[in-house]
Amino acid sequence: MLNQSNNGQAGGPESAPREVPLLDPSLQYESLKEPLHEAIRGVLESGVYIMGPAVAGFEEAVADYCGVKHAIGVANGTDALLLTLDALGVGPGDEVITTPFTFFATAEVVSRLGATPVFVDIEPDTYNIDAALLEQAITARTKAILPVHLFGQPADMGAIMAIAERHGLFVVEDACQAIGSRYRGRAAGSIGTAGCFSFFPTKNLGGSGDGGLIVTNDDELAQRIRVLRVHGSNPKYYHAVVGYNSRLDALQAAMLAVKLPHLDAWNAARRERALAYHETLWDLPIQLPAEADDRYPVYHLYIIQTDRRDELLRYLAERGIASGVYYPVPLHLQRVYEPLGYGIGSLPVAERAALGTMALPLYPEMSDEQQECVIMAVRQFFAERG
Ligand SMILES: *Cc1c(COP(=O)(O)O)cnc(C)c1O
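What you see is a predicted model, and the numbers here were worked out from it, not measured in a lab.

About the criteria used
Residues numbered from 1 in each chain as written. Predicted model: local features only at pLDDT ≥ 70, side-chain atom pairs only at ≥ 80, totals over all residues. Heavy atoms only, no water. pLDDT = per-residue confidence, 0-100. Contact = heavy atoms within 4.5 Å. Phe/Tyr/Trp six-rings, centres within 6.5 Å; stacked < 30°, edge-to-face > 60°. Buried < 20%, exposed > 50% of the residue type's maximum accessible area, 1.4 Å probe, protein only. Lys NZ or Arg CZ within 6 Å of the ring centre and 35° of its normal. Helix = DSSP H or I, 4+ residues; strand = E, 2+ residues; numbered from the N terminus. Pairing = 2+ DSSP bridges. Near = heavy atom within 4 Å. Polar contact = N/O pair within 3.5 Å; in protein donor to acceptor, adjacent residues only side chain to side chain. Areas by Shrake-Rupley, 256 points an atom, 1.4 Å probe, with all protein chains shown as cover. Nonpolar A, V, L, I, M, F, W, Y, C, P; charged D, E, K, R; others polar. Axes fitted to C-alpha atoms, helices over the stretch in contact; angles between N-to-C directions. Parallel < 35°, antiparallel > 145°, perpendicular 65-115°, else oblique. Left-handed = near helix turned anticlockwise from the far one by under 90°. Patch = residues over 30% accessible without salt bridge, like charges linked within 9 Å, V, L, I, M, F, W, Y side chains within 5 Å. Salt bridge = Lys/Arg side-chain N within 4 Å of Asp/Glu carboxyl O.

**Q** Give me the lowdown on the confidence of the model for the protein chain, citing residues and values where you can.
**A** Put simply, the protein chain has an average pLDDT of 94, and 95% of its residues get 70 or more. Scored below 50 in pLDDT, residues 1-17 makes 31 contacts in the model with residues more than four places away or belonging to other chains.

See below:
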């Protein structure tokens, strides 16, 4: 999915002194090698490989970190969304309002439950669901709103929560890209009915494999999700509902518990890199990421928008600089959703973003030299090609 290596055929040695990856998760491992090995050894020696103290300990740490009552580890971020919506009773005949500009999993889980995703266009500056367009999408079938804090930028939760309360709807935050970000001081994921995180290796808190987690203050919802993740059994071998096999792996939990205390520093490092891009690229004809006073974005990706996107992608690749497109096709125009009847032009802001946005390299361990290399190349592109 993410191009971590680079094409080897960079320009001449003078134009490409070194290669810059889009991100490099192995550097985090290098910096925490000893404690990670210790954590793995601890789990292996304990003989408890499914659930147990490693999972419970990590869940407690995340609940504390987010300031919520419950955290429930699951197999991945997609399952976090799936089990949450299932536990809220979302099913056939229901509609869930979400954004078309996100990773496919956000809408996939709605469809998987037999419900229908309803796509609402995004804000041009944050790329998040436009709360001003929400209310007109609500019908008698609407059960929940599923905002995404895309690229680590919190959605407009104040407006979204007010609308949800007015219409008696659940709000499930897809915070898979936004762990550690804040909206008016509150942790992303902790504001709605529930919040969902992913520990996919490239996320801001990344495991060494798949992992996910749900946070909520709702006791009953937490209990239902806990039952769902173990085949719907409560107690063991007694089933009142059909569930899933979706647990956070003990080895992943132990390693994530080592990493969590470093998350704020890593996010701060991402923000410093973002600021450096902002200060050196603001005068170019590109749209830089928005930063509102009441939000603390954590730059899962550093996204710029330009009508020369494809040219710039090629130019950087030729110079050994990785970049990426997130996401090339908005969900309402995916083939699988053709039957929903959205056509080209129906959600124009998302469609423009899909054509014009791209990610520049940004990760906590990135060196000054690497970032300088990216900045020079982007500036040179616009200097040469107007
Ligand atoms: C990564 C991601 C997911 C899914 O997480 P997985 O752990 O890969 O299943 C869902 N939504 C968004 C916005 C994501 O970025």
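Next comes the rest of the write-up.
**Q** Let's hear about the packing of aromatic side chains: which residues, and what values?
**A** One pass over the structure, following the stated rule, counts 14 aromatic pairs. Arranged with centres 4.9 Å apart and planes meeting at 90°, the rings of F381 and F382 form a pair that is edge-to-face. Each member of the pair, F381 as well as F382, is classed as buried. Among the aromatic residues, those joined into a cluster by ring pairs are F101, F103, Y127, F151, Y326 and Y327. Above the plane of the ring of Y296 lies R271, whose end atom (NZ or CZ) is 3.9 Å from the centre. The ring of Y315 carries R319 above its face, with NZ or CZ at 3.6 Å from the centroid.

**Q** Run through the pairing of strand β11 (residues 302-305), naming residues and quoting values.
**A** Of the two faces of β11, the one carrying Y302 and I304 and the one carrying I303 and Q305 are both buried. Direction of pairing for β11 relative to strand β12 (residues 357-360): antiparallel, over a ladder of 4 bridges. Looking at the pairing, Q305 lines up with T357 of β12.

**Q** Lay out the sheet that holds strand β6 (residues 182-183) in plain terms, naming residues and giving numbers.
**A** Strands sit in the order β7-β6-β10 across an open sheet of 3 strands; the sheet is antiparallel. The open sheet has two edge strands, β7 (186-187) and β10 (295-296), and neither has a second partner.

**Q** Kindly report on the site of the ligand, identifying the contributing residues and their values.
**A** Around the ligand sit 15 residues, and of these G77, T78, D174, S198 and K203 come closest. Contacts to the ligand include T78, whose side-chain N or O atom sits 2.5 Å from an oxygen atom. Taking 380 Å² as the accessible area of the ligand by itself, protein coverage stands at 93%. Secondary-structure elements contributing two or more residues to the shell around the ligand are α4 (77-87) and α5 (105-112). Class assignment of the residues belonging to the shell around the ligand gives a composition of 5 nonpolar, 8 polar and 2 charged.

**Q** Tell me about the packing of helix α3 (residues 53-66) against helix α8 (residues 250-259), residues and numbers included.
**A** Running from amino to carboxyl end, α3 crosses α8 at an angle of 40°, the nearest separation of the two axes being 8 Å. Compared by their axis directions, α3 and α8 come out oblique. The hand of the α3/α8 crossing is left-handed. Judged by residue contacts, A54, V55 and F58 of α3 engage A250, A253, A254, L256 and A257 from α8. Across the contact of α3 with α8, the residue classes break down as 8 nonpolar, no polar and no charged.

**Q** Let's hear about the sheet that holds strand β8 (residues 194-198): which residues, and what values?
**A** On the basis of which strands lie adjacent, the open sheet formed by 7 strands has the order β1-β9-β8-β5-β4-β2-β3 and mixed pairing. Each end of this open sheet is capped by a strand with a single partner; those strands are β1 (70-74) and β3 (116-119). If you compare each strand with its neighbour and ignore which way they point, the axes differ by 25° on average. The sheet strands contacting α5 are β2 (95-98), β3, β4 (142-146) and β5 (170-174), and the helix crosses β3 at an angle near 140°.

**Q** Help me get a handle on a nonpolar patch on the surface, residues and values and all.
**A** On the surface, L44, Y49 and I50 cluster together into a nonpolar patch covering about 310 Å² of accessible area. Mapped onto the elements of the fold, Y49 is located in the loop between α2 (33-46) and α3.

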